[in-house]
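What follows is each chain in one-letter form.
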Amino acid sequence: KIWAPRLRMNAPSQRTEAKIQVIGVTKLLCETPALVTDGREVWAELLVGTVQLLSSKTFQTNTEIPEDDGVIEVGYDAVYSRLAYAKKEPEDPFPDITTPREFFVRSLHAFLTSQPQVLAVANQKLSSEDPKLAAELDGMFKQAGLRLG
């Protein structure tokens, strides 16, 4: 109940942090049957937050820091200039998952195939929150070559 609202309101802006959250939430959604039976509202909130995160600018744009070629031809100190590039993106703890969107869609598809009664809850929550989210999820499934439902 704590993570779901934060996922929706304070989505991470760095791609690696967002990827970590998507993978974690996907595992909760698809590998925790108790969450579906005991907390359908929480499950639906996590689903909505994940779809919102995957359709956000974080996953639409590439936010990598350009490499420093070592040559700075400006009239100020090069040591100071390098500080602008000192902030590194966090190390990726899931290097084998290159596409979080595809991981989410394939995991959710497998889960919904094994638990078809949950599909109605998912569709209702997405449609009530924002019809664009339902269309976005459907588009993600089509892009992966899968059918939702």
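Rules and cut-offs
Residues numbered from 1 in each chain as written. Predicted model: local features only at pLDDT ≥ 70, side-chain atom pairs only at ≥ 80, totals over all residues. Heavy atoms only, no water. Core = buried A, V, L, I, M, F, W, Y, C linked by side-chain atoms within 4.5 Å. Buried < 20%, exposed > 50% of the residue type's maximum accessible area, 1.4 Å probe, protein only. Helix = DSSP H or I, 4+ residues; strand = E, 2+ residues; numbered from the N terminus. Salt bridge = Lys/Arg side-chain N within 4 Å of Asp/Glu carboxyl O. Axes fitted to C-alpha atoms, helices over the stretch in contact; angles between N-to-C directions. Parallel < 35°, antiparallel > 145°, perpendicular 65-115°, else oblique. Left-handed = near helix turned anticlockwise from the far one by under 90°. Contact = heavy atoms within 4.5 Å. Nonpolar A, V, L, I, M, F, W, Y, C, P; charged D, E, K, R; others polar. Expected span 1.5 Å × (residues − 1).

Even after reading the chapter, I still don't get the nonpolar core, so can you show me in this structure?
One recurring pattern in soluble globular proteins: nonpolar side chains tend to sit buried together. If you look at the biggest cluster of nonpolar residues, it comprises 34 residues, and the most contacted ones within it are W43, L47, F104, L108 and L137. Elements that contribute at least two residues to this core include exactly α1 (3-9), α2 (15-31), α3 (33-38), α4 (40-54), α7 (100-114), α8 (117-129) and α9 (131-143). Counting residues per element, this core draws most heavily on α4, which supplies 8 residues.

Looking at this structure, how should I read the pattern of salt bridges?
Where charged atoms from two side chains of opposite charge approach closely, those side chains can pair. Under the criterion given, the structure shown has 8 salt bridges. The shortest N-O distance in the salt bridge between D92 and K19 comes to 2.5 Å. Highlighted residues: D92 in the loop between α6 (78-83) and α7 and K19 in helix α2, separated in sequence by 73 residues. What emerges from the salt-bridge pattern is a single network uniting E41, E45, K125 and E129.

Quick question: what am I supposed to make of the packing of α4 against α7 here?
Helix-helix packing is described using two parameters, namely the angle between the two axes and the distance between the axes. In contact at an axis separation of 11 Å, α4 and α7 are set at 150° when each is read in the N-to-C sense. The angle between α4 and α7 falls in the class roughly antiparallel. The handedness of the crossing between α4 and α7 comes out as left-handed. Residue-level contacts link W43, L47, T50, V51 and L54 of α4 to P100, R101, F104, L108, F111 and L112 of α7. Looking at the contact of α4 with α7 residue by residue, the class counts come to 9 nonpolar, 1 polar and 1 charged.

Is there a simple way to think about α2 in this case?
Because an α-helix completes one turn every 3.6 residues, residues spaced three or four positions apart along the sequence face the same direction. With 17 residues, α2 extends 23 Å from end C-alpha to end C-alpha; this agrees with the ideal 24 Å at 1.5 Å per step. Of the residues making up α2, those classed as buried are T16, A18, K19, V22, I23, V25, T26, L29 and C30.

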